[in-house]
Number of protein chains: 2
Amino acid sequence: MTSSRARLAVLASGGGSNLQAIHDDLGARAHEAPATLALVVSDRISAGALTRAADWQVPAVPLPKERNHALGELLAEHDITHIALAGYLRLIPADVVRAFHGRMLNVHPALLPAFGGPGMYGQRVHDAVLRAGARITGPTVHFVSEHFDEGAIIAQWPVPVRSDDSAASLAARVLAVEHRVYPWCIAAVTAGQISLGADGTVQGRPAYDFDLFAPEPRHRHPFAG
Amino acid sequence: MTSSRARLAVLASGGGSNLQAIHDDLGARAHEAPATLALVVSDRISAGALTRAADWQVPAVPLPKERNHALGELLAEHDITHIALAGYLRLIPADVVRAFHGRMLNVHPALLPAFGGPGMYGQRVHDAVLRAGARITGPTVHFVSEHFDEGAIIAQWPVPVRSDDSAASLAARVLAVEHRVYPWCIAAVTAGQISLGADGTVQGRPAYDFDLFAPEPRHRHPFAG
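Before going into details, it helps to say that this report is about the structure given with it. Everything numeric in this text was worked out from a predicted model, so none of it was measured. (Residues numbered from 1 in each chain as written. Chains lettered and ligands numbered in written order. Predicted model: local features only at pLDDT ≥ 70, side-chain atom pairs only at ≥ 80, totals over all residues. Heavy atoms only, no water.)

### A short note on the overall build of chain A
Of regular secondary structure, chain A possesses six helices and eleven strands. Counting all 225 residues of chain A, 54% fall into the buried class. A fraction of 63% describes how many contacts in chain A between residues 6 or more apart in sequence connect residues 24 or more apart. A total accessible area of about 9800 Å² is found for chain A, and carbon and sulfur atoms account for 53% of it. (Helix = DSSP H or I, 4+ residues; strand = E, 2+ residues; numbered from the N terminus. Buried < 20%, exposed > 50% of the residue type's maximum accessible area, 1.4 Å probe, protein only. Contact = heavy atoms within 4.5 Å. Areas by Shrake-Rupley, 256 points an atom, 1.4 Å probe, with all protein chains shown as cover.)

This is how it looks when you write it as C-alpha coordinates:
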(Lines give C-alpha, C1' and ligand atoms only; values in the text may rest on other atoms or scores of the structure.)
Protein backbone atom coordinates (compact mmCIF):
# COMPACT_ATOMS: atom_id res chain seq x y z
CA MET A 1 0.00 0.00 0.00
CA THR A 2 2.74 2.42 0.96
CA SER A 3 4.33 1.67 -2.41
CA SER A 4 1.38 3.44 -4.09
CA ARG A 5 1.57 6.30 -1.64
CA ALA A 6 2.56 9.72 -3.00
CA ARG A 7 5.83 11.15 -1.71
CA LEU A 8 5.35 14.81 -0.91
CA ALA A 9 8.00 17.52 -0.76
CA VAL A 10 7.13 20.78 0.97
CA LEU A 11 9.15 23.85 -0.01
CA ALA A 12 9.06 26.66 2.52
CA SER A 13 11.02 29.84 3.20
CA GLY A 14 9.48 30.78 6.51
CA GLY A 15 8.38 29.39 9.84
CA GLY A 16 6.43 26.62 8.18
CA SER A 17 3.01 26.91 9.81
CA ASN A 18 1.44 25.50 6.62
CA LEU A 19 4.03 22.71 6.72
CA GLN A 20 2.89 21.99 10.27
CA ALA A 21 -0.76 21.90 9.14
CA ILE A 22 0.10 19.53 6.27
CA HIS A 23 2.09 17.28 8.61
CA ASP A 24 -0.72 17.23 11.18
CA ASP A 25 -3.36 16.50 8.54
CA LEU A 26 -1.42 13.57 7.08
CA GLY A 27 -0.80 12.30 10.60
CA ALA A 28 -4.51 12.49 11.44
CA ARG A 29 -5.28 10.40 8.33
CA ALA A 30 -2.78 7.83 9.65
CA HIS A 31 -2.66 4.67 7.48
CA GLU A 32 -5.27 6.21 5.15
CA ALA A 33 -3.02 9.17 4.34
CA PRO A 34 -2.60 9.35 0.55
CA ALA A 35 0.87 10.85 0.91
CA THR A 36 4.02 10.62 2.98
CA LEU A 37 5.86 13.81 3.89
CA ALA A 38 9.16 12.74 2.36
CA LEU A 39 11.19 15.96 2.09
CA VAL A 40 11.25 19.54 3.33
CA VAL A 41 13.33 22.08 1.41
CA SER A 42 14.10 25.66 2.33
CA ASP A 43 16.21 28.31 0.67
CA ARG A 44 16.86 29.75 4.12
CA ILE A 45 19.06 27.66 6.42
CA SER A 46 17.48 29.30 9.46
CA ALA A 47 13.91 28.58 8.37
CA GLY A 48 11.70 27.17 11.10
CA ALA A 49 10.40 24.72 8.52
CA LEU A 50 13.71 22.84 8.58
CA THR A 51 13.67 22.63 12.37
CA ARG A 52 10.14 21.23 12.36
CA ALA A 53 11.05 18.62 9.74
CA ALA A 54 14.15 17.55 11.65
CA ASP A 55 11.98 17.09 14.76
CA TRP A 56 9.80 14.70 12.76
CA GLN A 57 12.81 12.83 11.33
CA VAL A 58 11.78 14.06 7.87
CA PRO A 59 14.70 14.84 5.54
CA ALA A 60 15.24 18.60 5.85
CA VAL A 61 17.47 20.11 3.20
CA PRO A 62 18.61 23.72 2.99
CA LEU A 63 18.95 24.83 -0.62
CA PRO A 64 20.66 28.22 -0.78
CA LYS A 65 19.88 30.25 -3.87
CA GLU A 66 23.19 29.42 -5.57
CA ARG A 67 22.08 25.74 -5.44
CA ASN A 68 18.50 26.49 -6.60
CA HIS A 69 19.21 24.98 -10.04
CA ALA A 70 19.79 21.62 -8.29
CA LEU A 71 16.23 21.38 -6.98
CA GLY A 72 15.13 18.82 -9.60
CA GLU A 73 18.07 16.58 -8.76
CA LEU A 74 17.28 16.79 -5.04
CA LEU A 75 13.62 15.89 -5.62
CA ALA A 76 14.67 12.90 -7.75
CA GLU A 77 17.04 11.63 -5.06
CA HIS A 78 14.09 11.46 -2.67
CA ASP A 79 11.65 9.91 -5.19
CA ILE A 80 9.30 12.90 -4.80
CA THR A 81 6.00 12.57 -6.67
CA HIS A 82 4.25 15.78 -5.52
CA ILE A 83 5.31 19.26 -4.36
CA ALA A 84 3.51 21.68 -2.07
CA LEU A 85 4.86 25.23 -1.97
CA ALA A 86 4.33 26.83 1.43
CA GLY A 87 5.58 30.39 1.37
CA TYR A 88 8.54 29.49 -0.83
CA LEU A 89 9.98 32.72 -2.21
CA ARG A 90 12.50 31.20 -4.60
CA LEU A 91 11.62 30.77 -8.28
CA ILE A 92 11.04 27.12 -9.18
CA PRO A 93 13.35 26.04 -12.03
CA ALA A 94 11.47 25.51 -15.32
CA ASP A 95 12.51 21.85 -15.53
CA VAL A 96 10.85 21.17 -12.17
CA VAL A 97 7.68 23.06 -13.14
CA ARG A 98 7.45 20.94 -16.30
CA ALA A 99 8.27 17.64 -14.56
CA PHE A 100 5.67 18.23 -11.83
CA HIS A 101 2.89 19.53 -14.09
CA GLY A 102 -0.37 18.77 -12.28
CA ARG A 103 1.56 17.55 -9.22
CA MET A 104 2.76 20.87 -7.73
CA LEU A 105 0.47 23.01 -5.60
CA ASN A 106 0.75 26.50 -4.17
CA VAL A 107 -1.35 28.53 -1.77
CA HIS A 108 -1.79 32.28 -2.21
CA PRO A 109 -3.29 34.43 0.58
CA ALA A 110 -5.87 36.23 -1.61
CA LEU A 111 -8.65 35.38 -4.06
CA LEU A 112 -6.79 35.04 -7.36
CA PRO A 113 -6.84 36.46 -9.97
CA ALA A 114 -7.14 39.45 -7.64
CA PHE A 115 -4.08 40.53 -5.63
CA GLY A 116 -1.65 38.15 -7.28
CA GLY A 117 1.32 38.46 -9.59
CA PRO A 118 4.90 39.74 -9.22
CA GLY A 119 5.79 41.19 -5.83
CA MET A 120 2.47 40.06 -4.35
CA TYR A 121 3.48 37.91 -1.40
CA GLY A 122 3.25 38.00 2.37
CA GLN A 123 2.12 41.22 3.98
CA ARG A 124 2.09 43.04 0.63
CA VAL A 125 -0.94 41.05 -0.46
CA HIS A 126 -2.95 42.04 2.59
CA ASP A 127 -1.80 45.66 2.35
CA ALA A 128 -3.15 45.71 -1.21
CA VAL A 129 -6.45 44.14 -0.13
CA LEU A 130 -6.89 46.79 2.57
CA ARG A 131 -5.91 49.62 0.21
CA ALA A 132 -8.52 48.42 -2.29
CA GLY A 133 -11.14 48.41 0.47
CA ALA A 134 -12.11 44.85 -0.40
CA ARG A 135 -14.55 43.32 2.09
CA ILE A 136 -13.96 39.69 1.15
CA THR A 137 -10.59 38.01 0.75
CA GLY A 138 -9.28 34.52 1.39
CA PRO A 139 -6.78 31.92 0.27
CA THR A 140 -6.45 30.32 -3.16
CA VAL A 141 -4.95 26.88 -3.66
CA HIS A 142 -3.84 26.34 -7.26
CA PHE A 143 -1.68 24.16 -9.45
CA VAL A 144 1.62 25.82 -10.30
CA SER A 145 2.13 26.73 -13.94
CA GLU A 146 4.97 28.44 -15.79
CA HIS A 147 3.30 31.72 -14.94
CA PHE A 148 3.32 31.96 -11.18
CA ASP A 149 -0.07 32.62 -9.53
CA GLU A 150 -1.70 31.75 -12.84
CA GLY A 151 -2.19 28.03 -12.40
CA ALA A 152 -5.62 26.42 -12.39
CA ILE A 153 -7.53 27.17 -9.19
CA ILE A 154 -8.37 24.15 -7.03
CA ALA A 155 -10.07 25.87 -4.11
CA GLN A 156 -10.80 29.27 -2.60
CA TRP A 157 -12.51 30.12 0.63
CA PRO A 158 -13.89 33.50 1.74
CA VAL A 159 -12.53 35.40 4.72
CA PRO A 160 -14.23 38.65 5.74
CA VAL A 161 -12.19 41.84 5.95
CA ARG A 162 -13.16 43.59 9.16
CA SER A 163 -13.33 47.35 9.58
CA ASP A 164 -10.59 47.27 12.21
CA ASP A 165 -8.29 44.88 10.33
CA SER A 166 -4.60 45.57 9.92
CA ALA A 167 -2.53 43.70 7.35
CA ALA A 168 -1.25 41.59 10.24
CA SER A 169 -4.66 40.70 11.70
CA LEU A 170 -5.99 39.93 8.22
CA ALA A 171 -2.91 37.81 7.41
CA ALA A 172 -3.45 35.80 10.58
CA ARG A 173 -7.11 35.11 9.80
CA VAL A 174 -6.39 34.11 6.19
CA LEU A 175 -3.52 31.88 7.31
CA ALA A 176 -5.79 30.07 9.74
CA VAL A 177 -8.04 29.22 6.81
CA GLU A 178 -5.07 28.14 4.66
CA HIS A 179 -4.26 25.63 7.40
CA ARG A 180 -7.65 24.01 6.78
CA VAL A 181 -7.96 24.28 3.00
CA TYR A 182 -4.40 23.56 1.86
CA PRO A 183 -3.93 20.17 3.55
CA TRP A 184 -7.34 19.10 2.27
CA CYS A 185 -6.35 20.01 -1.31
CA ILE A 186 -2.98 18.25 -0.99
CA ALA A 187 -4.70 15.09 0.23
CA ALA A 188 -7.28 15.27 -2.57
CA VAL A 189 -4.62 15.75 -5.28
CA THR A 190 -2.21 13.09 -3.97
CA ALA A 191 -5.19 10.70 -3.64
CA GLY A 192 -6.11 11.42 -7.27
CA GLN A 193 -9.56 12.79 -6.37
CA ILE A 194 -8.61 16.12 -7.93
CA SER A 195 -6.38 16.44 -10.98
CA LEU A 196 -5.31 18.86 -13.68
CA GLY A 197 -7.03 17.97 -16.94
CA ALA A 198 -5.34 17.97 -20.34
CA ASP A 199 -7.42 21.08 -21.13
CA GLY A 200 -5.82 22.87 -18.19
CA THR A 201 -8.95 22.82 -16.06
CA VAL A 202 -9.28 21.19 -12.66
CA GLN A 203 -11.09 17.86 -12.63
CA GLY A 204 -13.04 16.62 -9.61
CA ARG A 205 -13.15 19.93 -7.81
CA PRO A 206 -14.41 20.13 -4.25
CA ALA A 207 -18.17 20.58 -4.15
CA TYR A 208 -19.03 23.82 -2.42
CA ASP A 209 -22.42 23.77 -0.88
CA PHE A 210 -23.11 26.69 1.36
CA ASP A 211 -25.75 29.34 1.09
CA LEU A 212 -24.84 32.23 3.33
CA PHE A 213 -28.21 33.75 2.65
CA ALA A 214 -30.23 30.76 3.71
CA PRO A 215 -33.15 32.37 5.56
CA GLU A 216 -32.36 30.26 8.60
CA PRO A 217 -30.42 30.58 10.76
CA ARG A 218 -30.95 34.34 10.74
CA HIS A 219 -27.50 34.95 12.24
CA ARG A 220 -25.94 33.90 8.98
CA HIS A 221 -27.05 37.24 7.55
CA PRO A 222 -23.97 39.46 7.49
CA PHE A 223 -25.81 42.48 8.75
CA ALA A 224 -28.01 40.82 11.35
CA GLY A 225 -28.32 42.25 14.83
CA MET B 1 -40.35 63.01 10.14
CA THR B 2 -40.95 62.36 6.48
CA SER B 3 -39.40 65.77 5.82
CA SER B 4 -36.04 64.36 6.96
CA ARG B 5 -36.53 61.25 4.89
CA ALA B 6 -34.16 60.69 1.96
CA ARG B 7 -35.71 60.74 -1.50
CA LEU B 8 -34.30 57.88 -3.55
CA ALA B 9 -34.10 57.61 -7.32
CA VAL B 10 -33.43 54.18 -8.83
CA LEU B 11 -31.92 54.10 -12.32
CA ALA B 12 -32.41 50.82 -14.16
CA SER B 13 -32.11 49.59 -17.73
CA GLY B 14 -33.56 46.13 -17.30
CA GLY B 15 -36.36 44.24 -15.66
CA GLY B 16 -35.74 45.88 -12.32
CA SER B 17 -35.45 42.91 -9.95
CA ASN B 18 -33.10 44.95 -7.75
CA LEU B 19 -35.62 47.81 -7.92
CA GLN B 20 -38.25 45.36 -6.70
CA ALA B 21 -35.99 44.26 -3.83
CA ILE B 22 -35.32 47.89 -2.85
CA HIS B 23 -39.05 48.71 -2.98
CA ASP B 24 -39.95 45.65 -0.90
CA ASP B 25 -37.23 46.39 1.67
CA LEU B 26 -38.36 50.00 2.14
CA GLY B 27 -41.95 48.79 2.36
CA ALA B 28 -41.02 46.24 5.03
CA ARG B 29 -39.39 49.02 7.07
CA ALA B 30 -42.68 50.94 6.80
CA HIS B 31 -42.66 54.17 8.86
CA GLU B 32 -39.07 53.45 9.93
CA ALA B 33 -37.85 53.44 6.32
CA PRO B 34 -35.01 55.99 6.01
CA ALA B 35 -35.92 56.69 2.39
CA THR B 36 -38.86 57.09 0.05
CA LEU B 37 -38.69 55.64 -3.44
CA ALA B 38 -39.35 58.92 -5.21
CA LEU B 39 -38.33 58.31 -8.82
CA VAL B 40 -37.49 55.52 -11.25
CA VAL B 41 -35.56 56.35 -14.41
CA SER B 42 -34.76 54.12 -17.35
CA ASP B 43 -32.98 54.75 -20.61
CA ARG B 44 -35.16 52.06 -22.16
CA ILE B 45 -38.84 52.89 -22.55
CA SER B 46 -39.74 49.21 -22.50
CA ALA B 47 -37.82 48.47 -19.29
CA GLY B 48 -39.78 46.40 -16.77
CA ALA B 49 -38.51 48.78 -14.11
CA LEU B 50 -40.82 51.52 -15.42
CA THR B 51 -43.82 49.19 -15.38
CA ARG B 52 -43.12 48.20 -11.79
CA ALA B 53 -42.78 51.83 -10.71
CA ALA B 54 -46.02 52.80 -12.42
CA ASP B 55 -47.79 49.95 -10.59
CA TRP B 56 -46.57 51.46 -7.29
CA GLN B 57 -47.62 54.99 -8.32
CA VAL B 58 -43.96 55.98 -8.23
CA PRO B 59 -42.93 58.55 -10.88
CA ALA B 60 -41.47 56.48 -13.76
CA VAL B 61 -39.55 58.46 -16.34
CA PRO B 62 -38.02 57.11 -19.54
CA LEU B 63 -34.82 58.97 -20.41
CA PRO B 64 -33.66 57.99 -23.91
CA LYS B 65 -29.95 58.44 -24.51
CA GLU B 66 -30.41 61.69 -26.43
CA ARG B 67 -31.91 63.14 -23.21
CA ASN B 68 -29.22 61.61 -20.93
CA HIS B 69 -27.65 65.05 -20.37
CA ALA B 70 -30.92 66.16 -18.70
CA LEU B 71 -30.63 63.61 -15.86
CA GLY B 72 -29.48 66.19 -13.29
CA GLU B 73 -32.41 68.44 -14.10
CA LEU B 74 -34.84 65.52 -13.76
CA LEU B 75 -33.41 64.54 -10.37
CA ALA B 76 -33.69 68.14 -9.16
CA GLU B 77 -37.34 68.36 -10.23
CA HIS B 78 -38.10 65.41 -7.97
CA ASP B 79 -35.98 66.66 -5.02
CA ILE B 80 -33.84 63.50 -5.17
CA THR B 81 -31.25 63.18 -2.38
CA HIS B 82 -29.84 59.73 -3.18
CA ILE B 83 -29.38 57.54 -6.27
CA ALA B 84 -29.21 53.76 -6.55
CA LEU B 85 -28.03 52.36 -9.88
CA ALA B 86 -29.61 49.01 -10.63
CA GLY B 87 -28.24 47.65 -13.87
CA TYR B 88 -28.19 51.09 -15.48
CA LEU B 89 -26.06 50.87 -18.63
CA ARG B 90 -26.00 54.56 -19.48
CA LEU B 91 -23.05 56.72 -18.42
CA ILE B 92 -23.98 59.07 -15.56
CA PRO B 93 -23.27 62.72 -16.53
CA ALA B 94 -20.26 64.14 -14.64
CA ASP B 95 -22.36 66.91 -13.06
CA VAL B 96 -24.62 64.29 -11.47
CA VAL B 97 -21.67 62.21 -10.23
CA ARG B 98 -20.22 65.32 -8.58
CA ALA B 99 -23.54 66.50 -7.13
CA PHE B 100 -24.31 63.09 -5.63
CA HIS B 101 -20.83 62.37 -4.28
CA GLY B 102 -21.31 59.97 -1.36
CA ARG B 103 -25.03 59.71 -2.16
CA MET B 104 -24.96 57.48 -5.26
CA LEU B 105 -24.60 53.69 -5.00
CA ASN B 106 -24.07 50.94 -7.51
CA VAL B 107 -24.03 47.17 -7.30
CA HIS B 108 -21.61 45.07 -9.36
CA PRO B 109 -22.06 41.28 -9.70
CA ALA B 110 -18.45 40.35 -8.82
CA LEU B 111 -15.91 40.99 -6.08
CA LEU B 112 -14.29 44.25 -7.16
CA PRO B 113 -11.54 45.10 -7.96
CA ALA B 114 -11.70 41.73 -9.74
CA PHE B 115 -13.90 41.39 -12.84
CA GLY B 116 -14.80 45.05 -13.11
CA GLY B 117 -14.05 47.86 -15.51
CA PRO B 118 -15.12 48.73 -19.05
CA GLY B 119 -17.33 46.17 -20.79
CA MET B 120 -17.72 44.16 -17.59
CA TYR B 121 -21.46 44.02 -17.05
CA GLY B 122 -24.21 41.44 -17.03
CA GLN B 123 -23.37 37.98 -18.33
CA ARG B 124 -19.87 39.07 -19.37
CA VAL B 125 -18.84 39.37 -15.73
CA HIS B 126 -19.87 35.81 -14.93
CA ASP B 127 -18.30 34.49 -18.13
CA ALA B 128 -15.00 36.06 -17.02
CA VAL B 129 -15.32 34.58 -13.51
CA LEU B 130 -15.87 31.10 -14.98
CA ARG B 131 -13.01 31.51 -17.48
CA ALA B 132 -10.67 32.47 -14.62
CA GLY B 133 -11.75 29.38 -12.71
CA ALA B 134 -12.52 31.46 -9.63
CA ARG B 135 -14.24 29.49 -6.88
CA ILE B 136 -15.60 32.46 -4.94
CA THR B 137 -17.47 35.40 -6.44
CA GLY B 138 -20.26 37.65 -5.20
CA PRO B 139 -21.72 41.13 -5.41
CA THR B 140 -20.02 44.42 -4.52
CA VAL B 141 -21.98 47.48 -3.43
CA HIS B 142 -19.94 50.66 -3.81
CA PHE B 143 -20.21 54.42 -3.96
CA VAL B 144 -20.03 55.71 -7.51
CA SER B 145 -16.99 57.78 -8.38
CA GLU B 146 -15.84 59.44 -11.59
CA HIS B 147 -14.16 56.17 -12.48
CA PHE B 148 -16.92 53.63 -12.78
CA ASP B 149 -16.50 50.48 -10.68
CA GLU B 150 -13.77 52.25 -8.75
CA GLY B 151 -15.81 53.82 -6.00
CA ALA B 152 -15.28 52.99 -2.34
CA ILE B 153 -16.59 49.54 -1.46
CA ILE B 154 -19.44 49.44 1.05
CA ALA B 155 -20.14 45.72 1.14
CA GLN B 156 -19.27 42.44 -0.53
CA TRP B 157 -20.65 39.01 0.11
CA PRO B 158 -19.23 35.66 -1.04
CA VAL B 159 -21.08 33.36 -3.41
CA PRO B 160 -19.54 29.98 -4.22
CA VAL B 161 -18.88 29.05 -7.85
CA ARG B 162 -20.06 25.50 -8.35
CA SER B 163 -18.40 23.01 -10.66
CA ASP B 164 -21.52 22.75 -12.79
CA ASP B 165 -22.22 26.48 -12.95
CA SER B 166 -23.03 28.24 -16.20
CA ALA B 167 -22.83 32.03 -16.48
CA ALA B 168 -26.63 32.01 -16.20
CA SER B 169 -26.84 29.85 -13.08
CA LEU B 170 -24.06 31.85 -11.44
CA ALA B 171 -25.72 35.15 -12.40
CA ALA B 172 -28.97 34.00 -10.80
CA ARG B 173 -27.27 33.03 -7.54
CA VAL B 174 -25.29 36.29 -7.33
CA LEU B 175 -28.42 38.31 -8.13
CA ALA B 176 -30.31 36.62 -5.29
CA VAL B 177 -27.59 37.85 -2.94
CA GLU B 178 -27.69 41.36 -4.43
CA HIS B 179 -31.37 41.45 -3.51
CA ARG B 180 -30.36 41.04 0.13
CA VAL B 181 -27.22 43.15 0.32
CA TYR B 182 -28.12 46.11 -1.88
CA PRO B 183 -31.31 47.21 -0.10
CA TRP B 184 -29.51 46.89 3.22
CA CYS B 185 -26.71 49.17 1.99
CA ILE B 186 -29.18 51.70 0.58
CA ALA B 187 -31.04 51.84 3.89
CA ALA B 188 -27.77 52.20 5.82
CA VAL B 189 -26.51 55.04 3.58
CA THR B 190 -29.80 56.95 3.45
CA ALA B 191 -30.08 56.57 7.24
CA GLY B 192 -26.58 58.01 7.60
CA GLN B 193 -25.21 54.90 9.29
CA ILE B 194 -22.71 54.47 6.46
CA SER B 195 -21.08 57.40 4.67
CA LEU B 196 -18.21 58.29 2.37
CA GLY B 197 -15.49 60.01 4.37
CA ALA B 198 -13.55 63.04 3.18
CA ASP B 199 -10.55 60.73 2.80
CA GLY B 200 -12.52 58.63 0.31
CA THR B 201 -12.95 55.69 2.68
CA VAL B 202 -16.24 54.27 3.87
CA GLN B 203 -17.23 55.25 7.40
CA GLY B 204 -19.38 53.02 9.60
CA ARG B 205 -19.06 49.90 7.50
CA PRO B 206 -21.22 46.87 8.20
CA ALA B 207 -19.63 44.64 10.79
CA TYR B 208 -18.94 41.26 9.29
CA ASP B 209 -18.79 38.57 11.87
CA PHE B 210 -18.80 35.11 10.40
CA ASP B 211 -16.21 32.44 10.67
CA LEU B 212 -16.83 29.81 8.05
CA PHE B 213 -14.21 27.67 9.69
CA ALA B 214 -15.79 27.73 13.10
CA PRO B 215 -15.30 24.15 14.30
CA GLU B 216 -19.03 23.90 14.96
CA PRO B 217 -21.28 23.33 13.17
CA ARG B 218 -19.16 20.90 11.18
CA HIS B 219 -21.33 21.27 8.10
CA ARG B 220 -19.95 24.76 7.61
CA HIS B 221 -16.71 23.18 6.47
CA PRO B 222 -16.65 23.45 2.66
CA PHE B 223 -15.32 19.96 2.17
CA ALA B 224 -17.35 18.16 4.81
CA GLY B 225 -19.05 14.87 4.04
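### Notes on the pairing of strand E2 (residues 35-42) of chain B
Residue and element names in this part refer to chain B. The buried fraction of E2 amounts to seven of the eight residues, a majority that puts the element mostly inside the structure. The pairing of strand E1 (residues 6-12) with E2 spans six bridges and is classified as parallel. Each residue of the ladder has a partner; that of Leu11, found in E2, is Val41. Following the backbone out of E1, through helix H1 (residues 17-29) and into the adjacent parallel E2, one traces a crossover that is right-handed. Here E2 runs beside strand E3 (residues 60-62); their pairing, made up of three bridges, is parallel. Bridge pairing in E3 links Val40 to Ala60. Regarding topology, helix H2 (residues 48-55) serves as the crossover connection from E2 to the parallel E3, and that connection is right-handed. (Pairing = 2+ DSSP bridges. Right-handed = clockwise from strand over helix to strand, strands pointing away.)

### Examining helix H6 (residues 167-190) of chain A
Residue and element names in this part refer to chain A. Its 24 residues give H6 an end-to-end C-alpha distance of 33 Å, which sits within 8% of 34 Å, the value for a rise of 1.5 Å per residue. A bend of about 30 degrees at Glu178 is the largest found in H6. Positive backbone phi, at 80 degrees, marks Gly192, one or two positions downstream of H6. (Expected span 1.5 Å × (residues − 1). Bend = angle between axes of the 7 residues up to and from the residue.)

### Some remarks on the sheet that holds strand E4 (residues 82-86) of chain A
All names here are of chain A. As summarised here, the arrangement of the seven strands in space is E3-E2-E1-E4-E5-E7-E8, forming an open sheet in which the pairing is mixed. Where the open sheet ends on each side, the last strands, each with one partner, are strand E3 (60-62) and strand E8 (153-156). This sheet shows a mean twist of 20 degrees between the axes of neighbouring strands, independent of strand direction. Bridge analysis of strand E7 (residues 140-143) against E8 gives three bridges, and the strand direction is antiparallel. Residue His142 lies in a different strand from E8, and its bridge partner there is Ile153. Sheet contacts for H6: strand E1 (6-12), strand E2 (35-42), E4, strand E5 (104-108), E7 and E8; angle to E5, the most-contacted strand, approximately 165 degrees. (Axes fitted to C-alpha atoms, helices over the stretch in contact; angles between N-to-C directions.)

### What to know about the packing of helix H1 (residues 17-29) of chain A against H6 of chain A
Residue and element names in this part refer to chain A. Contact geometry for H1 and H6: axes closest at 9 Å, N-to-C directions at 50 degrees. What the angle tells us is that H1 and H6 run oblique. Taken as a pair, H1 and H6 cross one another with a handedness that is right-handed. Between H1 and H6, the residues in contact are Ser17, Asn18, Ala21, Ile22, Asp25 and Arg29 and Leu175, Glu178, His179, Tyr182, Pro183, Trp184, Ile186 and Ala187, respectively. (Parallel < 35°, antiparallel > 145°, perpendicular 65-115°, else oblique. Left-handed = near helix turned anticlockwise from the far one by under 90°.)

### Remarks on the sheet that holds E3 of chain B
All names here are of chain B. Pairing is mixed across the open sheet formed by seven strands, whose spatial order is E3-E2-E1-E4-E5-E7-E8. Looking at strand neighbours, the two that pair on one side only are E3 and strand E8 (153-156), the edges of this open sheet. Along the sheet, successive strands turn relative to each other by an average axial angle of 20 degrees, direction set aside. The strands that helix H6 (residues 167-190) touches are E1, E2, strand E4 (82-86), strand E5 (104-108), strand E7 (140-143) and E8; relative to E5, the one it contacts most, it runs at about 165 degrees.

### Side note on the nonpolar core
Within the largest apolar cluster, 95 residues are counted, with the highest numbers of intra-cluster contacts made by Ile154 of chain A together with Ile154 of chain B. With residues near it in sequence (within four places) discarded, Ile154 of chain A still touches Leu105, Val141, His142, Phe143, Cys185, Val189, Ile194, Val202 and Pro206 of chain A together with Arg135 of chain B. (Core = buried A, V, L, I, M, F, W, Y, C linked by side-chain atoms within 4.5 Å.)

### Overview of H1 of chain B
Residues and elements named next belong to chain B. The end-to-end C-alpha distance of H1, which contains 13 residues, comes to 19 Å, matching closely the 18 Å that a straight helix rising 1.5 Å per residue would cover. In this structure, the buried residues of H1 make contact with E1, E2, H2, E4, E5 and H6. At the exit of H1 stands Ala30, carrying a positive phi of roughly 45 degrees.

### Topic: the environment of Gly72 of chain A
Along the chain, Gly72 of chain A turns up in helix H3 (residues 71-77). Sequence separation of Gly72 of chain A and Gly102 of chain A is 30 residues, and the distance between their C-alpha atoms is 16 Å.

### A word on the pattern of salt bridges
All names here are of chain B. For the structure shown, the criterion picks out six salt bridges over all chains. Arg90 serves as the salt-bridge partner of Asp43, at 3.3 Å between the closest nitrogen and oxygen. A residue pair is termed long-range when its members are at least 10 positions apart, and Asp43 in the loop between E2 and H2 and Arg90 in the loop between E4 and helix H4 (94-99) qualify at 47 residues. Asp165 serves as the salt-bridge partner of Arg173, at 2.6 Å between the closest nitrogen and oxygen. Across the pair, Asp165 and Arg173 agree in class, each one buried. (Salt bridge = Lys/Arg side-chain N within 4 Å of Asp/Glu carboxyl O.)

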